Amino acid sequence: MKFRFLCISLYMVINLAAQPVRDEANTLFNTYYYQRSSQFQMLPKTGQEIFFIGDSITEGGEWSELFDDIRIKNRGISGDISAGVLYRINQIALHKPDKVFLMIGVNDLARGITPDSLVKNIHLIVQVINKQSPATQIFVESILPVNGDFKKFNGHSNRVSEIKEANALLSRKSDKTRFSFINLYDRFCAQSDKLNPEYTNDGLHLNGKGYLLWKSVLYPYVYDVSLKPAIIPTPDKLEWGNEYFPLYQSHNIVVQDSAVIGEAISLQQSMQQLGIKTSLVTTIDTISPYIQISLVKSVVPSQPTGAYQLTVSSKKILITAVDNNGIFYAIQTLKQLMQDGVYVNTCTIKDHPAFPVRGFMIDVGRNYISIPLLKEMINRMALYKLNVFHFHATEDIAWRFESKLYPALTAPDNMLRDKGMYYTVEEIKELIDYCRVRHIQFVPEIDMPGHSAAFKRAFKTDMQTDSGLAIVKKILTEFCDTYIDLPYIHIGADEVKITNPKFVPEVIALLESSGKKVIGWEPGGNFSSSVIRQLWMDDLKRITADTQIAYIDSRHLYLNHMDPLESVVTIYNRRIAGKKAGDDKALGGILCVWNDRRQAAETDVLRMNPVYPGMVSFAERSWVGGGQEGWVANISDGDENGFRLFEQKLLDHQTLYFKKQPFPYAQQTQMQWSIYGPYYNQGKLNQQFAIEKTIWQDSSSLAEPKQSVIGGTVVLRHWWAPLIKGALKNPQENQTYYATTKIWSDVDQLQNFWIGFNNLSRSTATDSPPKNAWDARSSKVWLNGKEIVAPDWKRGGQIGHSEIPLIDEGYEYRSPYPLQLKKGWNTVLLKLPMGSFKGRDWQNVQKWMFTFLPLQNGR
């Protein structure tokens, strides 16, 4: 009779909770309970909600402010017990929240309820949520320890053994029920199973420090990220400890060498963004936690530029490096370790880059990009330790470097797009300084003598004429004098017939006499051996045969040609410069975006190209080194296990660092396809084969699939075959293959999908898909026997044109396709015909591929 409500059946709980609070029921709980509960009933559904449910300990947390996340709602009621949560849980379940975090029970135990009865009630709570909202993730948190030393709440503080027993029961049973158990007890415990007095002032409830610790423990569960911070690029050596550095208590950054003040200020600014104010000091106060930054002499003579060591203990964080680059890179790693803004897991990291050049190139000649958006990209580069910003600013379309000597170069009439949009001297200097502070080398490219129609419009002469060459020399002299501290200038020199053999050598001589190091595209002009070659075609063997030539790899690193899902796969598996690590000749690589086609908006460069997924993947590979020989298109052909681990890290970073930026990637390693075929279609792409019917009638009657493949995007035959391998072992023209998979759904629901059969390059003038069809090859898709019609293309059947922007042709930048899933297993069938491998022209190559991928909430 201590609490008769515990005997209410699950049926009664569900039905009671569904009713409005009535006067006759108000004797079950206290007045305050009904005040809070009735208020909760009045609050609207806001979507993607995360509920924290519990008693006064939960109610005391300002959760939305602690997490800076308005989705998080406090549903704690002071004095509540498990029966009280049962009574009101239905009103929460009706919201269909994304997640529920439940901590309840200390008041039950204080009233004499047994641990077993308490745990049964918690399981009932879970069952109600599962019944009403099957898609909700449920997290049951352990009951916190208590501390009787404060001589308060004696009924609670003498229940230590019961608390431990209840937690043990919850921990053991969580594998058999649909909730995840979170052990808070151990993190809050001091000696003798007592609540650490640092986190309480009464032995039961938490103070501010206690809520910060609680936030830190829950952070990975709230945001679906790994329990240990996922560091990209992966450090060379990383050892985790079992303690934590209290970041929120660290208010001093010790700097005893003025040479690293700039880097210390950048760390100070990062901590300020987390709400932590710090001071730069020269002396160590050992009483309070602190961070120390120091330059040291290398103990290893061959230690590369940028090497660093980061040591985190419970009392201090030590950053040491041989140079400022290393200090800066260590800070980028530390920023990722500080992901929850409260604690940093103790660890020791020793790290260095595999390649000295780790770059990113953006083409602003064809489509102008504003300074704020460029800075956003540079910020991302810095976080991932990329160190070269290659700025391609002159093209046939427009010349976008200001010249005081020749203003006609940037006159609107001499531009074909974004007329009148160029970068002033002041803006370029601003970009150079912005890069320098972030330890990034700004490398301008003035493309010559090719890609120079804008020059010709301005001067009415070709660059390679005598008069044209004279003008070019004056432009370059002005450029060198204006930007004195730039060590590199890229002269392009690709995709052009050299009609004046003196042009390139004289340009090189001029720049080198001005103290500049010259970079050029390879294949390209008639360069001297002193010119660094940037490879854009497969000329590696020829270049490496000349031991005097240094080179940078950009082969198959053009994001504008890559499907977003495929881009991460191929970049992750790349062997940069054909070597596991760089040397004085193999300098590294530069990832490129050539958005040749007109853009409707500047942000299309990020929406329509996998800029950030590709950049993060490239940062990983170019820093870590390794990779495998050849070029990989599909997960199954590369380092599958390594890719699965990296993908989870990438998804963590997407959640944590790209909340407001386009990031066209979603988890794809769970997609397992069975491939059937070939079926010979004799060029009749619409020809039907028996599998289209038998798979729905009796799938067990199907023959063994020819092969299996993993991925959201699968390339059957690469458009650059045989240079790049596809999934099919021996693809032939006039064949049809089928791909099938099964997708599980907990409930009947609408689910968003990415679906596509021809991911268009953002460079070429490729045709839009035909009206009422997925592609020009008669590809089809069925879900549970129902054919899925193609989107209503906004420009269906449009012949490709470089001046007509893409709008909805790619799955990654059109609205996801909503499909109705049934509860249980759902069968997907894709029809994948191919006629001739020859496209209509070079801008319409045959991409035998498919994308089919369910999208998770928030990703």
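The structure we're discussing is the one just above.
Residues numbered from 1 in each chain as written. Predicted model: local features only at pLDDT ≥ 70, side-chain atom pairs only at ≥ 80, totals over all residues. Heavy atoms only, no water.

Chemist: Hey, could you go over the sheet that holds strand 11 (residues 316–321) for me, with residue numbers and the actual values?
Modeler: Adjacent strands of a sheet pair through backbone hydrogen bonds, lying either parallel or antiparallel. With mixed pairing, seven strands are arranged side by side in an open sheet as 6-12-10-11-9-7-8. Here the strands that pair on one side only, and so sit at the sheet edges, are strand 6 (237–246) and strand 8 (279–281). Neighbour to neighbour, the strand axes of the sheet diverge by 20° on average, direction disregarded. Pairing between strand 7 (residues 252–255) and strand 8: three bridges, direction parallel. Counted as the bridge partner of Asn252 is Ser279 from strand 8. (Pairing = 2+ DSSP bridges. Helix = DSSP H or I, 4+ residues; strand = E, 2+ residues; numbered from the N terminus. Axes fitted to C-alpha atoms, helices over the stretch in contact; angles between N-to-C directions.)

Chemist: I'd like a description of the layout of surface pockets, backed by residues and values.
Modeler: Any empty space left between atoms is shown by rolling a water-sized probe over those atoms. Its boundaries defined by the atoms lining it, the second largest pocket holds a volume of some 1500 Å³. Lining the second largest pocket are 42 residues, and of these Ser270, Gln273, Leu274, Lys335 and Tyr657 sit closest to its centre. Contributions of two or more residues to the lining of the second largest pocket are made by helix 4 (63–66), helix 11 (208–222), helix 12 (261–273), helix 13 (324–337), helix 14 (371–383) and helix 23 (640–657). Among the residues forming the lining of the second largest pocket, the class breakdown is 18 nonpolar, 13 polar and 11 charged. (1 Å grid on protein atoms, 1.4 Å probe; cavity = no way out; pocket = protein on both sides within 12 Å on 5 of 7 lines; lining within 4 Å. Points joined across faces, edges and corners; volume = space filled by probe spheres on them. Nonpolar A, V, L, I, M, F, W, Y, C, P; charged D, E, K, R; others polar.)

Chemist: Would you mind going over the sheet that holds strand 21 (residues 672–680) in detail, with residue names and values included?
Modeler: The strand order 22-21-24-29-26-27 describes an open sheet built from six strands, whose pairing is antiparallel. Strand pairing shows two members of the sheet lacking a second neighbour, strand 22 (707–710) and strand 27 (786–787), which therefore form its edges. Sheet topology places strand 26 (residues 780–783) next to strand 27; two bridges connect them, and they run antiparallel. Residue pairing for strand 27: Leu783 is matched across the bridge by Lys786.

Chemist: Talk me through the side chain of Thr333; I want residue IDs and the actual numbers.
Modeler: Among the structural elements, Thr333 can be located in helix 13. The exposure class of Thr333 is buried, given its relative accessible area of 0%. Non-local contacts of Thr333, meaning those with residues more than four positions away in its chain, are made with Ile231, Tyr308, Leu310, Ile349 and Lys385. (Buried < 20%, exposed > 50% of the residue type's maximum accessible area, 1.4 Å probe, protein only. Contact = heavy atoms within 4.5 Å.)

Chemist: Residue-level account of the pattern of salt bridges, with values.
Modeler: Note that side chains of opposite charge can pair when their charged atoms are close. Inspection of the entire model under this criterion finds 37 salt bridges. Close ionic contact of Arg400 with Asp418 constitutes a salt bridge, the shortest N to O distance being 3.8 Å. A residue pair is termed long-range when its members are at least 10 positions apart, and Arg400 in the loop between strand 14 (388–392) and helix 15 (425–437) and Asp418 in the loop between strand 14 and helix 15 qualify at 18 residues. The class for Arg400 is buried, based on a relative accessible area of 0%. Here Asp418 falls in the partly exposed class, since its relative accessible area comes to 30%. For Glu812, the salt bridge goes to Arg762, with nearest N and O atoms at 4.0 Å. Of the two residues, Glu812 sits in the loop between strand 27 and strand 28 (817–821) while Arg762 sits in the loop between strand 25 (749–756) and strand 26, which places them 50 residues apart along the sequence. (Salt bridge = Lys/Arg side-chain N within 4 Å of Asp/Glu carboxyl O.)

Chemist: So what about empty space enclosed by the protein? Which residues, and what values?
Modeler: Within this structure, the stated rule accounts for four cavities of 30 Å³ or more. Here the largest cavity is characterised by a volume of approximately 80 Å³. If you trace the largest cavity, you find it lined by Asn595, Arg597, Arg598, Gln599, Ala600, Asp604, Val605, Met608, Asn609, Arg762 and Leu806. Partitioned by chemical class, the residues of the lining of the largest cavity number four nonpolar, three polar and four charged.

Chemist: Would you mind going over the environment of Gly326 in detail, with residue names and values included?
Modeler: Tracing the backbone shows Gly326 in helix 13. Along the sequence, Gly326 and Thr305 sit 21 residues apart, while their C-alpha atoms lie 7.0 Å from each other. The residues touching Gly326, leaving out its near neighbours within four places in the chain, are Gly306, Ala307, Tyr308 and Ala321.

Chemist: Give me the nonpolar core: which residues, what numbers.
Modeler: Core analysis: the biggest nonpolar cluster contains 226 residues, and Phe360, Ile362, Phe389, Phe391, Trp673 and Phe852 have the highest contact counts within it. Apart from the residues lying within four places of it in its own chain, the contact partners of Phe852 are Met671, Trp673, Gly712, Ile743, Phe753, Trp754, Ile755, Val781, Leu819, Val828 and Leu830. Of all hydrophobic cores here, the second largest spans 14 residues; its members include Val388, Val443, Cys592 and Trp594. (Core = buried A, V, L, I, M, F, W, Y, C linked by side-chain atoms within 4.5 Å.)

Chemist: If you had to explain a nonpolar patch on the surface to someone new, which residues and values would you point to?
Modeler: A surface patch of nonpolar side chains, about 190 Å² in accessible area, is lined by Ile261, Ile265 and Leu280. If you trace the backbone, Ile265 turns up in helix 12. According to the relative accessible area criterion, Ile265 is partly exposed, its value standing at 33%. (Patch = residues over 30% accessible without salt bridge, like charges linked within 9 Å, V, L, I, M, F, W, Y side chains within 5 Å. Areas by Shrake-Rupley, 256 points an atom, 1.4 Å probe, with all protein chains shown as cover.)

Chemist: Tell me about the environment of Thr311, residues and numbers included.
Modeler: Among the secondary structure elements, Thr311 is positioned in strand 10 (residues 308–312). Classification of Thr311 by relative accessible area gives partly exposed; the value is 24%. Spatially, the C-alpha atoms of Thr311 and Tyr434 are 29 Å apart, while their sequence positions differ by 123 residues. Once you skip the residues sitting within four places of it in the chain, Thr311 turns out to touch Lys316, Ile317, Leu318, Cys347 and Thr348.

Chemist: Quick rundown of the pairing of strand 11? Include the residues and the values.
Modeler: The alternating pattern of strand 11 places Ile317, Ile319 and Ala321 on a buried face and Lys316, Leu318 and Thr320 on a face that is not buried. As judged from the six bridges shared by strand 9 (residues 290–295) and strand 11, these two strands associate in the parallel manner. Along strand 11, the bridge assignment pairs Leu295 with Ala321. Hairpin connection from strand 10 to strand 11: three residues lie between these consecutive antiparallel strands.

Taken by themselves, the reported measurements are silent on function.
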